[in-house]
Amino acid sequence: MPHTCQICGGALEEFLDLGRQPLADAFLTERDLPDEFMYRLAVGACPACTMVQLVEQVPREKMFHTDYPYYSSGSSVMREHFQRTARTLLAAAGPDPFVVEIGSNDGVLLRTVHDAGARHLGFEPSGKVAAASMEYGVHVRNEFFDAGTAADARREEGAADVIFSANTICHIPYMRSVLEGIRTLLAPDGVFVFEDPYFGDIVAKTSFDQIYDEHFYFFTARSVQAMVAPFGLELVDVRRLPVHGGEVRYTVAHAGARTPSDAVATLIAEERARGLADPATLRRFAAGTARIRDDLRALLRRLRDEGHRVVGYGATAKSATVTNYAGIGPELVEFVCDTTPAKQGRLTPGMHIPVRPAEAFADPYPGYALLFAWNHADEIMAKEQGFRAAGGKWIRYVPDVHVS
Ligand code: SAM
Ligand code: TMP
Ligand code: ZN
């Protein structure tokens, strides 16, 4: 049975199989071990609409629930990014705007909107992160955004001048329901602005670890343009962002409401010239992924055989893909350090490497640190200068395996 495209119903062409994988954010206690949920992580592209997507869906309640452990405010660079983004959105909106966010998490963006005294609403299904934002005074509906909840919000709270979403739209397989919801909730001259990892950057860097259960879609300007059009919506602007290893911020409006900027046509032409949707490009990406897996496993085995200590840095969701695909367990990586209390004292999904607090890193420093949080490299290098000073070396695997 061929898998079907969740956007247009076309037959997906699978190009990468990352094997049996756990939920990337399911950090475990010993008690959870016998019931660990696994699924097949594989990616396909739709020849009809070009959307790249997972071939298997994980039920949303398994990923986003009370204990969802990702707190957006854990990175100072991301906090600043979202403070700036909130100010930019408010400055571009008309007087007294109503700002809605999908996936507002711990309120990393809406806190700034709240502080500016603007009307706002977050949709956030995950209980504890939503509670963290409510404690600050942010207005949140503790539910999933879809056509039904969007219609409720429209009726109860009015039309949105800005709908913003970061690192969430690509998480939602039921996209037709989401876009129907956007059409219902968005004011006639409003904008829907969302930013997600850019497939163009994922291919350029062979960052296959961006692929995991929560990241269902891998967008390009071309696939987003085709995705929104059937819903009376139009892609009117795109802007590349440096965060999370390379993202694009897409601006969408009701069709005909705004004139698309030249940036849209320029990026789509660049994607065509690069052959981003071509089977040959996707095959090269899959081959590069296997090469990184082999190189990383060989390096870690050599270091172990030579008696070196290797510690992981950042218990990212991305690291679940790398460790499970490459078979990297506690015999190769002693522990992973992470600043998130909800992850500490637990075991990483699938490979069961212990997660320890950030302070464990220097107690004492290992010889090598495997940088799982490579997207936060600048922030981490700035605060971990003592590691290199003590003779420590960083191992990276994006865009290739190297030690420095
Ligand atoms: N926007 C934050 C950021 O960029 O750091 C959070 C991103 S986090 C990776 C994804 C968030 O989306 C989670 O907090 C999750 O609970 C939420 N989410 C998942 N599906 C959703 C849906 N249908 N509607 C609203 N939020 C959703
Ligand atoms: P992300 O790549 O999905 O944003 O996840 C980053 C993870 O790394 C998150 O669990 C927090 C952790 N982290 C650290 O442990 N130290 C740091 O300095 C930063 C920036 C993140
Ligand atoms: Zn399609």
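Above this text is the structure in question.
This text gives an overview of the structure that appears in the document. (Residues numbered from 1 in each chain as written. Chains lettered and ligands numbered in written order. Predicted model: local features only at pLDDT ≥ 70, side-chain atom pairs only at ≥ 80, totals over all residues. Heavy atoms only, no water.)

### Structural notes on the site of ligand 2
- In the vicinity of ligand 2, 16 residues are found, and the nearest of them are Lys318, Asp338, Lys343, His376 and Lys383.
- Between an oxygen atom of ligand 2 and a side-chain N or O atom of Lys343, the distance comes to 2.8 Å.
- Between an oxygen atom of ligand 2 and a side-chain N or O atom of Lys383, the distance comes to 2.5 Å.
- Starting from 490 Å² of accessible surface for ligand 2 in isolation, the protein chains cover 94%.
- Classifying every residue of the shell around ligand 2 gives four nonpolar, seven polar and five charged. (Near = heavy atom within 4 Å. Polar contact = N/O pair within 3.5 Å; in protein donor to acceptor, adjacent residues only side chain to side chain. Areas by Shrake-Rupley, 256 points an atom, 1.4 Å probe, with all protein chains shown as cover. Nonpolar A, V, L, I, M, F, W, Y, C, P; charged D, E, K, R; others polar.)

### Considerations on the coordination of the zinc ion (ligand 3)
- The protein atoms that coordinate the zinc ion (ligand 3) are Cys5 (SG), Cys8 (SG), Cys46 (SG) and Cys49 (SG), at distances of 2.3 Å.
- Between the four donor atoms coordinating the zinc ion (ligand 3), the angles at the centre fall across 100 to 116°, so the site counts as tetrahedral.
- Taken in chain order, the donor set of the zinc ion (ligand 3) reads C-x2-C-x37-C-x2-C. Placement of the pair is Cys8 in the segment before strand 1 (13-22) and Cys49 in the loop between strand 2 (38-45) and strand 3 (52-54), with a sequence separation of 41 residues.
- Cys8 gets classed as partly exposed once you look at its relative accessible area, which sits at 38%. (Donors = N, O, S within 2.8 Å, 3.2 Å for Na, K, Ca; no water. Tetrahedral: all angles 85-135°; square planar, octahedral: opposite > 155°, others 65-115°. Helix = DSSP H or I, 4+ residues; strand = E, 2+ residues; numbered from the N terminus. Buried < 20%, exposed > 50% of the residue type's maximum accessible area, 1.4 Å probe, protein only.)

### Quick word on the nonpolar core
- One finds Ile211 and Phe219 to be the most contacted residues of the largest nonpolar core, which totals 110 residues.
- For this core, the element with the most residues is helix 10 (residues 279-305), which contributes eight residues.
- Each of domain 1 (72-258) and domain 2 (280-403) accounts for three or more of the residues forming this core.
- Filtering out sequence-adjacent residues up to four positions away, Ile211 remains in contact with Leu16, Leu18, Leu41, Val43, Leu54, Phe218, Phe285 and Thr321.
- Counting residues in each nonpolar core, the second largest holds 22 residues, with Val108, Val113, Val138 and Val162 among its members. (Core = buried A, V, L, I, M, F, W, Y, C linked by side-chain atoms within 4.5 Å. Domains from an automatic or database assignment. Contact = heavy atoms within 4.5 Å.)

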